[in-house]
Amino acid sequence: MSIVKINVLTVPEEQRETLEKRFAARAGAVEGSDGFEWFELLRPVEGTDTYLVYTRWRTEEDFQRWMAGRGQAAHGGGGAQGGGAQGDRPKPAATDATLWSFEVVQQTGPKQA
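Residues numbered from 1 in each chain as written. Predicted model: local features only at pLDDT ≥ 70, side-chain atom pairs only at ≥ 80, totals over all residues. Heavy atoms only, no water.

A. Structural detail: the sheet that holds strand S1 (residues 3–10). Strand order in this open sheet of 4 strands is S2-S3-S1-S4, and the pairing throughout is antiparallel. The sheet is open, and its two borders are formed by strand S2 (36–42) and strand S4 (96–103), each paired with just one other strand. Taking each pair of neighbouring strands and ignoring which way they run, the sheet shows an average axis angle of 15°. (Pairing = 2+ DSSP bridges. Helix = DSSP H or I, 4+ residues; strand = E, 2+ residues; numbered from the N terminus. Axes fitted to C-alpha atoms, helices over the stretch in contact; angles between N-to-C directions.)

Written out as structure tokens, the structure is:
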């Protein structure tokens with residue numbers, strides 16, 4: 001089964017709009033990657049400043065290939081929202097980032113009629 005990568009981003013309230021705009025500007029950057037299955041950017045609703053970036057991949061190798069190529073470019077060699085401290089790149093919107101990894105062991109979807 002698939003693997004899931006969740007990038008846990010600490011984003012101060014004043015940077016939320018910046019982070020969301022950066023992800024919107026990168027729409028399509030991952031969808032064509034071999035082994036890519038799903039993406040979601042999850043905004044916190046209450047009680048936290050933590051965004052979750054959910055991606056699902058066919059295999060760990062597919063994810064690693066993406067990270068070594070397009071993923072590295074998308075991350076600018078720095079934070080997950082395309083910022084880095086080098087050159088003309090904008091300052092990261094997140095103040096901290098952690099990557100969680102999971103294997104999908106069970107899944108289900110809506111019943112088909």
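Read on for the rest.
B. Expanded view of the pattern of salt bridges. Taken as a whole and assessed by the stated rule, the structure comprises 7 salt bridges. The closest approach of N and O atoms between Glu 37 and Arg 56, which form a salt bridge, is 2.9 Å. Linking Glu 37 in strand S2 with Arg 56 in strand S3 (residues 50–57), this pair joins segments that are 19 residues apart in sequence. Given a relative accessible area of 28%, Glu 37 falls into the partly exposed group. Across the pair Asp 62 and Arg 65 runs a salt bridge whose closest N-O atoms are separated by 2.4 Å. Of this pair, Asp 62 and Arg 65 both sit in helix H2 (residues 60–74), 3 residues apart, which is roughly one turn of that helix. (Salt bridge = Lys/Arg side-chain N within 4 Å of Asp/Glu carboxyl O. Buried < 20%, exposed > 50% of the residue type's maximum accessible area, 1.4 Å probe, protein only.)

C. How the structure looks around the environment of Ile 3. With respect to the helices and strands, Ile 3 occurs in strand S1. Separated by 53 residues in the primary sequence, Ile 3 and Arg 56 have C-alpha atoms spaced 5.7 Å apart. Those residues within four positions of Ile 3 in sequence are excluded, and the remaining contacts are Thr 55, Arg 56, Trp 57, Arg 58, Thr 59, Glu 60, Phe 63, Phe 102 and Glu 103. (Contact = heavy atoms within 4.5 Å.)

These results come straight from atomic positions and should not be treated as a statement about function.
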